[in-house]
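Structural overview
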Amino acid sequence: MRTTRRELLAGALALATLPALSACAGSRAEPAAAQPASPQPARPVGLTGTLYARTASGLVAVDLATGRQLREYGEAVPDARWKRLHQLKGGHLRVLDLPSGKVRRETPVTGARVKAVSRSGELVAVGPPPGPRTSTLISLAGPDGVRDLRLGGNVEPEAFSTDDQVMYVLEYLPPDKPDRYRVRVLDLPAGTPKPLNTRDKKPVPEGKEEEMRGQGRQAVLDADAGVLYTLYTHQPGHLHTRDLIAGGDSAPGVHAFVHVLQLDQRWAYCLDLPQPFGMGPPEAHTLTLGPDGRNLFVYDATSGRIAQADTADLTVKRITFGARHAGEAYALADNERLYLAAGTSVQVADPATLAPLGTWQLAGPARGLAKLNGLLLAGAGDHLTVLDAKGTRQTTIPIPGLQSLHHATTA
């Protein structure tokens, strides 16, 4: 799951303590030479399905068999499993079934933006555009109708618990001129805020909630485990809840971390990333989950650093070096390979060891990654490039105004 807060949004670790870093510090592993793209052959047999991509006109659906654009959805927001889209149109929230695009229901709501969608796809939070305000009106729309909540302060809905009884929000402080924010828990049946828990499931004491000042770069949701991982960059001087409770300081030199939010158990933890993570441009940072949810990968294209973290004990297991690139970064992992795209190439690594397996060249700036039927789909400029398991280009599909790939399905 990629990207903005709507589709968005930890022990400090020093470099010397990382298990695999000593082997990397002395000698830099050189990535394999980039493979030139082969001449474009005919469209491969079996390339069928639908690609959902963000373009200058919003979210679009593309037929992979023909390259034809099927539908435009504007600023629609998907549920976690891409079974439905949620779209505001004419003061109504429209719920669309995928892949048909058929309207399931349409409900009048107050608000200008879809803010958060529950994992079931049944509950949707709609609210005002981001900006200074001292109170916030949120419409909660579901199968049984709409409920409006007037909340004190400047809040942005972020996620729901599995049972749709809790909504997590970001509260911006001070509300009329915000320069920081914190995560709060809103009990939906009561309509009142409650404290977030620490990792050991104890309520965070009043005044000990961590306040973040950096930028929420990207979020991925483990829908099966109910955990939201959000990458934050540029966090100098940030104090985690555990540091505030202990009365100590945050880890020196930490400019980036992954905020881990357990949606059903209501606890949060910050997984610190060592420098130079967080030092470069936010868009050069990206994260992705392995298919079994056990490993989290973070890539900083500016420095070339790749980090692998264990989601069970929330520690960084390994850091290694990859190629340095300018521009926006993207990541994707399957059981056999970790793909890291930035600039005009895709690095391929072993997800278990981070050992380099090769570099595949793109015909334009990276615009996202997806997998379908054993093929890698890579956005490259205003085109979709389809690569086989050896990195050989199979076909190219033009997508005018392409900004990022989001999801591919056989349906």
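Residues numbered from 1 in each chain as written. Predicted model: local features only at pLDDT ≥ 70, side-chain atom pairs only at ≥ 80, totals over all residues. Heavy atoms only, no water.

1. A look at unusual backbone geometry
- In this structure, Pro99 follows Leu98 across a cis peptide bond, with omega equal to 5°.
- Here Pro99 lies in the loop between strand E7 (92–97) and strand E8 (103–108).
- Here the residue pair Leu173 and Pro174 is connected by a cis peptide bond, since its omega of -20° sits within 30 degrees of zero.
- Examined against the element boundaries, Pro174 turns out to sit in the loop between strand E14 (166–173) and strand E15 (180–187).
- One non-glycine residue, Arg266, lies in positive phi territory at about 65°. (Helix = DSSP H or I, 4+ residues; strand = E, 2+ residues; numbered from the N terminus.)

2. With respect to the nonpolar core
- Counting residues in hydrophobic clusters, the biggest one holds 21 residues, and the most contacted among them are Tyr229, Val258, Leu273, Leu287, Leu296 and Val298.
- Broken down by element, this core gets its largest block of residues, four residues, from strand E20 (residues 267–273). (Core = buried A, V, L, I, M, F, W, Y, C linked by side-chain atoms within 4.5 Å. Buried < 20%, exposed > 50% of the residue type's maximum accessible area, 1.4 Å probe, protein only.)

3. Digging into the sheet that holds strand E31 (residues 383–387)
- The sheet built from four strands is open, its strands ordered E29-E30-E31-E32 with antiparallel pairing. The strands lining the two open edges of the sheet, one partner per strand, are strand E29 (366–372) and strand E32 (393–398). With strand direction ignored, the average angle separating the axes of adjacent strands in the sheet is 20°. (Pairing = 2+ DSSP bridges. Axes fitted to C-alpha atoms, helices over the stretch in contact; angles between N-to-C directions.)

4. Quick notes on the sheet that holds E8
- Ordered in space as E5-E6-E7-E8, the four strands form an open sheet in which the pairing is antiparallel. With partners counted over all chains shown, the strands left at the sheet margins are strand E5 (77–78) and E8, one partner each.
- Examined bridge by bridge, strand E6 (residues 84–89) and E7 share six bridges and lie antiparallel to one another. Note that in E7 the partner of His86 across the bridge is Val95.

5. Observations regarding the packing of aromatic side chains
- Under the counting rule described, the total for this entry stands at five aromatic pairs.
- Considering the side-chain rings of Tyr172 and Tyr181, the 5.2 Å spacing of their centres and the 40° angle between planes classify their relative orientation as tilted. Neither residue differs from the other here; Tyr172 and Tyr181 are each classed as buried.
- Note on Tyr181 and Tyr232: the rings are 6.0 Å apart at their centroids and 35° apart in plane angle, and the pair reads as tilted. Placement of the pair is Tyr181 in strand E15 and Tyr232 in strand E18 (residues 227–233), with a sequence separation of 51 residues.
- Overall, the relative accessible area of 1% leaves Tyr232 in the buried class.
- Among the aromatic residues, those joined into a ring-pair cluster are Tyr172, Tyr181, Tyr232 and Phe257.
- The ring of Tyr269 carries the charged tip of Arg199 above its face, separated from the ring centre by 4.9 Å. (Phe/Tyr/Trp six-rings, centres within 6.5 Å; stacked < 30°, edge-to-face > 60°. Lys NZ or Arg CZ within 6 Å of the ring centre and 35° of its normal.)

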